[in-house]
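Okay, here's what each chain looks like letter by letter:
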Amino acid sequence: MNILTEKFNTPYHSAPFGDIKNEDYLPAFKELIQKSEEEINAIVDNPEAPTFENVIETLAYSGEQLDVVSNIFFNLNSAETSDEIQQIAQEVSPILTEYSSKISQNEALFNKIKKVYDEKEKYNLNEEQQMLLNETYKGFVRSGALLNEEDKEKLKKISMDLSIKSLQFGQNVLASTNAYFKHITDKEQLAGIPEAIVEQFAEEAKEKNLEGWVVTLQYPSYIPFMTYAENRELRKELALANGKKSFDGGEYDNQNLIKELLQLKQQKAELLGYKDYADYVLEERMAKSPAKVVDFLNELLTKAKPYAHKEIDELKSLANADGIEDMQSYDHAFYAEKLRKQKFDLNDEELKPYFPLNQVQDAVFGLSGKLFGLTFEERNDIPKYHEDVKVYEVKENGNYKSLLYVDYFPRKGKRAGAWMTSYKNQYKQNGENSRPHISIVCNFSKPTKDTPSLLTFQEVTTLFHEFGHALHGMMADTQYPTLSGTSVKWDFVELPSQFLENFCYEPEFLKTFAKHYKTGEVLPDEKIEKIEQSKNFMEGYQTLRQLGFGLLDMNYHTKVAELENESVKTFEDQYTKATALYPTNPETAMSPSFSHIFQGGYSAGYYSYKWAEVLDADAFQYFKENGIFNPEIAAKYKVLLSSGGTKDPMELYKAFRGSEPKVESLLKRAFG
């Protein structure tokens, strides 16, 4: 018996991690694909006339178990991978892509969908049903349902190639990150670095059975080193290593993969009748067109650039005082931290004792209770995939709402960064509201033998960010799984995450949880005031950095022909020139490790972070004007969260806010 093909005999049918063996995956995928294909065949072979119920609705509920197993497997491939799992991923990805293509190009199935779509006026559909019908029809057309057989085969091959190559891109970045570490034996080389971080480096050395200290390219190791290390040569060495990730011509180099991925995306877009991949993607986003995105990014660039240059000039003055005439990007974090301390007398290390992870988690749980009536209870009887993981049962007014998995610490088999994902979507069927299983994965500093996990303030906002995504998933209350939770337009998906970050800067809220882990002392008012004041510190620089990523992404997906005749590095430098604040280094490039657009779902969509910032600034302004815990506004916001993708996002937003979002809200928050 394959445990993955049975209904899980666990609380809430949660993933039975302890019982799954790697050898279960491939046969389970094959069996569940066959089962899902049988469900599709039943729709196609149904002799009754096509209706919304027997075609669109039945299709929406099909393949649920396959989705769950896919979520389990690919989440593990990100959070707890191994050579064996990566090998299985290489085998499974093309099989899943072929299955997906088979459905989307099933002519008999599409003919039934088209008949229902063409006759939709005769059905008395509610708003969500109309959305499901429209999204289903468009999804098939955008997957090649109207193509001839020859072009369908081409599209199928392109999709399979994209699946394999994007997977390879991510594996290369992870391997390249893990391949480097800096072994330090002379403690003097760690001058300037706070003792708690030095202790962390010592722990990393112990894990590798080495004496002394080890710095890696994992963010909880790399970022503190770049921020505090006085040794400029070592900062340069680490920055070069980081900038060479998958860009050194070696085994894990991604430069050719980038070109191959972009060419495949362009071919896909042209085959489907679009000018380029950005046109194809943006048809289904709030922004609608590449031109509108570029105008939006350039408008922000014009406003932010003077602030950014002023900030860099301040840093250069500090560097000049240290005898550095040619300030480089690897000096930025170090002098930004110096300036921050000078301006606000505030540094991460003195704040960290006030932000132990457990208190920050309790705070975000408490906020969810205050705004939405949620409670969180740890469950020790629900299987998990690693001892670091904790599982919570989430209730709303005493009723089961969701499971929440949290996985906070870095490991060798875990990719960098932070993300929210789901193991199971929410949906309603046969009178039952089947609730979601949601996960948050981060890379915070581990506890040591002497101290709990202490977060930098940026990590505090990261946890709130991912928890905002999690709320979007946990609050889901829709009929169909394909419209549930975060299944929304991609440039709307960052609103809930970025919105929640705002609470981290509110004194009224900060005082409830920012307490010293040893003494219980509340973070002093002057420090809270400085956190507020420092909220926009280096905002110009950060804005230009994000705009650079957004413009580069948009150019990659609209100018593929240009890239054929030049290097990835040349292309990157050309299209980030307008946002660059430091000289570029010929030995480094960020594109080969730009996983968001070459492995994740942000292709031609990186702009959505800034787009969503306009939404979140405008939304939080509404709370600020009426009280940050205002129950009436929280209730309206809850409707926005629970609605998922059942309505057009702009209509959802206007129903919450009463008007369209204003870019002025963001500019006011960022630059006063």
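The paragraphs below set out a description of the structure included in this document. It should be emphasised that the depicted structure is a prediction, and the values quoted were computed from it without experimental measurement.

For the protein, the count of helices and strands is 28 helices and 9 strands. Taken over C-alpha atoms, the radius of gyration comes to 25 Å for the protein, in line with the 26 Å a tight globule of 672 residues would show. The buried share of the protein, reckoned over its 672 residues, is 58%. Residue pairs in contact within the protein that sit at least 24 positions apart in sequence constitute 73% of those at least 6 positions apart. Of the roughly 28,200 Å² of accessible surface on the protein, 47% is carried by carbon and sulfur atoms.

Where helix H25 (residues 608-626) meets helix H27 (residues 649-657), the closest approach of the two axes is 11 Å, and the angle between their N-to-C directions is 15°. Here H27 runs roughly parallel to H25, going by the angle between their axes. Between H25 and H27 lies a crossing of left-handed hand. On H27, the residues that touch Leu615, Asp618, Ala619, Gln621, Tyr622, Phe623 and Glu625 of H25 are Tyr653, Phe656 and Arg657.

Attention shifts here to the sheet that holds strand S4 (residues 390-396). Read across the sheet, 5 strands follow the order S3-S4-S5-S9-S6 without closing on themselves; strand pairing throughout is mixed. The two strands at the open ends of the sheet, each matched to only one other strand, are strand S3 (374-378) and strand S6 (419-424). Across this sheet, the average inter-strand angle for adjacent strands is 30°, counted without regard to direction. One ladder, built from 5 bridges, connects S3 with S4; its direction is antiparallel. Residue pairing in the sheet places phenylalanine 376 in a bridge with valine 394 of S4. Running over the sheet, helix H3 (residues 64-79) touches strand S5 (399-407), S6 and strand S9 (437-441) and is turned about 145° from S6. The strands touched by helix H17 (residues 457-474) are S3, S4, S5, S6 and S9; relative to S9, the strand with the most contacts, the crossing angle is about 175°.

Before going further, it helps to examine the pairing of S6. With 6 of 6 residues buried, S6 lies mostly within the body of the structure. Bridge count for S6 against S9 is 5 bridges, and the pairing is antiparallel. Among the inter-strand pairings, serine 422 is bridged to a residue of S9, identified as isoleucine 438.

Among the 9 residues that make up S5, 7 are buried, leaving the element largely enclosed by the rest of the structure. For S4 and S5, the ladder comprises 7 bridges, and the chain directions are antiparallel. Bridge pairing links lysine 390 to valine 406 in S5. The turn linking S4 back onto S5 is made up of 2 residues, and asparagine 397 within it adopts a positive phi angle of 50°. Where S5 and S9 come together, 5 bridges link them in parallel fashion. Counted as the bridge partner of leucine 404 is isoleucine 438 from S9.

This part covers the side chain of aspartate 553. Note that aspartate 553 resides in helix H21 (residues 539-556). Comment: no salt bridge for buried aspartate 553; closest opposite-charge side chain is lysine 265, at 6.6 Å. With residues up to four places along the chain from it excluded, the contact list for aspartate 553 reads Ile597, Tyr602, Ser603, Ala604, Gly605, Tyr606 and Tyr607.

Glancing now at a negative patch on the surface. The grouping of Glu521, Glu526, Glu529 and Glu532 at the surface amounts to a negative patch. By secondary structure assignment, the location of glutamate 532 is in helix H20 (residues 525-534). On the basis of relative accessible area, glutamate 532 is assigned to the partly exposed category, the value being 37%.

Right, let's talk about the pattern of salt bridges for a bit. Evaluation of the coordinates by the stated rule reveals 48 salt bridges. A salt bridge links lysine 165 to glutamate 260, with the nearest nitrogen and oxygen atoms 2.9 Å apart. Separated by 95 residues along the polypeptide, lysine 165 in helix H7 (residues 149-179) and glutamate 260 in helix H11 (residues 255-271) bring together distant segments of the chain. Under the relative-accessibility criterion, lysine 165 is labelled partly exposed at 23%. Connected via shared salt-bridge partners are Glu80, Asp388, Asp407, Arg411 and Lys414.

Its identity is not glycine, yet methionine 538 carries a phi of approximately 60°, on the positive side. Note on placement: methionine 538 falls in the loop between H20 and H21. The exposure class assigned to methionine 538 is buried, which follows from its relative accessible area of 5%. Its identity as a non-glycine residue notwithstanding, alanine 604 has a phi of 55°, on the positive side. The residue alanine 604 is located in the loop between helix H24 (595-598) and H25 in this model.

Rules behind the numbers
Residues numbered from 1 in each chain as written. Predicted model: local features only at pLDDT ≥ 70, side-chain atom pairs only at ≥ 80, totals over all residues. Heavy atoms only, no water. Helix = DSSP H or I, 4+ residues; strand = E, 2+ residues; numbered from the N terminus. Rg over C-alpha atoms; globule rule 2.2 N^0.38 Å. Buried < 20%, exposed > 50% of the residue type's maximum accessible area, 1.4 Å probe, protein only. Contact = heavy atoms within 4.5 Å. Areas by Shrake-Rupley, 256 points an atom, 1.4 Å probe, with all protein chains shown as cover. Axes fitted to C-alpha atoms, helices over the stretch in contact; angles between N-to-C directions. Parallel < 35°, antiparallel > 145°, perpendicular 65-115°, else oblique. Left-handed = near helix turned anticlockwise from the far one by under 90°. Pairing = 2+ DSSP bridges. Lys, Arg positive; Asp, Glu negative; His and termini not counted. Salt bridge = Lys/Arg side-chain N within 4 Å of Asp/Glu carboxyl O. Patch = residues over 30% accessible without salt bridge, like charges linked within 9 Å, V, L, I, M, F, W, Y side chains within 5 Å. Charge placed at Lys NZ, Arg CZ, Asp CG, Glu CD.

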